[in-house]
Amino acid sequence: MNQLQLFLPCAAGVEGYLADEVHGLTGLAGQDLLVGRAGVLLRASWRDALRLNLHSRLAQRVLVQLAERPYRGEDDIYAAAADVAWEIWFTPRQSFKVEVTAQHSPLKSLNFAALRVKDAVADRFRAKTGVRPNVETQWPDVRVHLHLTSDRAQIYIDTSGEPLFKRGWREDKGDAPLKETLAAAMIAATGWDPHGEQPLPLYDPCCGSGTVVIEAAQIACRIAPGLLRRFAFEKLLPHQAHVWAAIKEEAASAVTTTAVPLFGSDVSHRMVDFAQRNAERAGVAAAVQLRGGDALQRMPPCAQPGVMLLNPPYGERIAAAGTAGQNAQARASARTHDRMAPPERLGRETAQTEEGVDFFAQLATHWKRHYAGWQAWLLTPDLKLPGKMRLKESRRVPLWNGPIECRLFRFDLVAGAVRERPRAQEAPGSADSAGAPDAP
């Protein structure tokens, strides 16, 4: 277990930031750490896999690659899975599940490909032990991932279990909440460093249930994102409880307090209450200041200019959330026509009504009047939003919010009229390939 091939999938556009994070956690570089399509590949130890599960804020999972070979049909996939020594990873008394992802696969049925992997695993156990493990689709002990390209099959075992964005502290949330991994990517893209010589305050004026502020506060307090949750590797045969206990103890002893100012506010007082409860569960309630208030009216939360980082609601994101999002849109539309609705009744959805353009134009005016010297970073799928806000962006970073292609715009705010700035540059290494679908 000292030389494993790991793959850490991530959202498109985040690969470079994830590689930097992995380097910082493991020291790996060169051929031992490669940036791939929607993820990072590395050669590392079992202990590294445990530490990455505990500490990574940007990875979606930590997968161990067990096989890779060319294929032309389902029989080739069966053969690849049958050659894996599954008996060194789990026992036939444990349940398992096979999940399949594909990019340009010629196979007609991915479900049948998953079935062939299941058969191969079960047949090998029966040949070795006389017992077949059970398949459990809801809460399996072990997750097996098959990823297919146009001509190659890759088989992985999942050491994470639940996706790593599920930190364990967010129980209260609104419609279409921002994933914690994307919030961490937004923070990484800004370059905000709470441990630098002169750390800047951070403020989210549309904080919702507090995801961005809480992620930032945990970074500032050196709280590992996985300290509150369990992982799939705890049920795998290579797991050694004393090794894992030592890794967790090391992480817990690193937790500290922070003097970096961290602020969040939202027009919905209900969402602020959610954020406060989430901050308490995340262990950062003392590190953040959360308030109610309209982003168009709130003044700077501190005298020192800092970093504003926000993910205001937009219609496509709400719609992508399914029924809950559609209900949110209906409520937002109703509010738009109810001009007498008191502020405490209005939620974050207000910005994505047909009057959204006016909202952003008013927000830009408010910023220019009161937030001179601040950096404002705004995530949106609207590539023309800077023009609508009559602001000139100094940087644009491609990021994907699930299936939605977005840009994280940076605006350097000055008082009054907009100062002309150099043409915005895309983030290095984040070209149109950021549109790649997630790998396994």
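Everything below is about the structure shown above.
Now for a look at the structure at hand. (Residues numbered from 1 in each chain as written. Predicted model: local features only at pLDDT ≥ 70, side-chain atom pairs only at ≥ 80, totals over all residues. Heavy atoms only, no water.)

1. Looking at the nonpolar core
Counting 97 residues, the largest nonpolar core has Leu6 and Leu42 as the members making the most contacts within it. Ranked by residues supplied to this core, first place goes to helix α5 (residues 180-190) with seven residues. When residues no more than four places from it in sequence are discounted, the contact partners of Leu6 are Val40, Leu41, Leu42, Ala44, Ala49, Leu52, Val62, Leu63 and Val64. Met308, Phe359, Ala376 and Leu413 belong to the second largest nonpolar core, which has 21 residues in total. (Core = buried A, V, L, I, M, F, W, Y, C linked by side-chain atoms within 4.5 Å. Buried < 20%, exposed > 50% of the residue type's maximum accessible area, 1.4 Å probe, protein only. Helix = DSSP H or I, 4+ residues; strand = E, 2+ residues; numbered from the N terminus. Contact = heavy atoms within 4.5 Å.)

2. Digging into helix α2 (residues 46-55)
The buried fraction of α2 is high, at nine of 10 residues. Within the sequence span of α2, burial applies to Trp46, Asp48, Ala49, Leu50, Arg51, Leu52, Asn53, Leu54 and His55. Elements in contact with the buried residues of α2: β1 (4-9), α1 (15-26), β3 (39-44) and α7 (241-253).

3. Structural notes on helix α6 (residues 211-220)
Think of an α-helix as 3.6 residues a turn; residues three or four steps apart then line up on the same face. The element α6 is largely enclosed, with a buried count of nine among its 10 residues. Along α6, the positions that sit buried rather than exposed are Thr211, Val212, Val213, Ile214, Glu215, Ala216, Ala217, Gln218 and Ala220. Where α6 is buried, its residues meet α5, β8 (202-204), β9 (262-266), α8 (269-282) and β11 (307-310).

4. As for the layout of surface pockets
For the second largest pocket, the calculated volume is near 750 Å³. Among the elements of the structure, α1, α2, α5, α6 and α7 are those that each provide at least two residues to the lining of the second largest pocket. For the lining of the second largest pocket, the leading source of residues is α1, giving five residues. Grouping the amino acids of the lining of the second largest pocket by side-chain chemistry returns 14 nonpolar, five polar and seven charged. (1 Å grid on protein atoms, 1.4 Å probe; cavity = no way out; pocket = protein on both sides within 12 Å on 5 of 7 lines; lining within 4 Å. Points joined across faces, edges and corners; volume = space filled by probe spheres on them. Nonpolar A, V, L, I, M, F, W, Y, C, P; charged D, E, K, R; others polar.)

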